[in-house]
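Structural characterization, general
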Amino acid sequence: MSNETVRATVYLQVQPEYKQWMTDRSKPESINGAKVIRSTQKRSASPEPGTVEVKLTIELPKAAFTPLAPEAIVVIPETMTQPHPVEVEAADANEEN
């Protein structure tokens, strides 16, 4: 982090959304999607049952606080779901590589 950037951390409680026709919800293939049901500044002392708590820290330039609406999609592969930091560098999807 440089003097030109700031960091913000949020804890997201993510709840799976199941396929309605699946009766066995113990298998990953029964999950149809997910939604964030709560966000907090600190780790929750009592997360909602069945949720996963994800710590997300974003670093952005101080200049981003000008009239701008940054947007990001972060994809976390299954191989990286063990508790350790995942670092992602944002790229403009509208620009060619």
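Below, the structure is looked at part by part. (Residues numbered from 1 in each chain as written. Predicted model: local features only at pLDDT ≥ 70, side-chain atom pairs only at ≥ 80, totals over all residues. Heavy atoms only, no water.)

**Some details on the environment of Val6**
Assignment of secondary structure puts Val6 in strand β1 (residues 5-18). Residues Val6 and Glu59 lie 53 residues apart in sequence; the distance between their C-alpha atoms is 5.6 Å. Each residue touching Val6, except ones within four places of it in the same chain, is listed here: Met1, Ile58, Glu59, Leu60, Lys62 and Phe65. (Helix = DSSP H or I, 4+ residues; strand = E, 2+ residues; numbered from the N terminus. Contact = heavy atoms within 4.5 Å.)

**Quick word on the sheet that holds β1**
As summarised here, the arrangement of the 3 strands in space is β2-β1-β3, forming an open sheet in which the pairing is antiparallel. The open sheet has two edge strands with one neighbour each: β2 (31-40) and β3 (52-61). Taking each pair of neighbouring strands and ignoring which way they run, the sheet shows an average axis angle of 40°. Two strands pair when backbone bridges link them, and β1 and β2 are joined in this way by 8 bridges, in the antiparallel orientation. (Pairing = 2+ DSSP bridges. Axes fitted to C-alpha atoms, helices over the stretch in contact; angles between N-to-C directions.)

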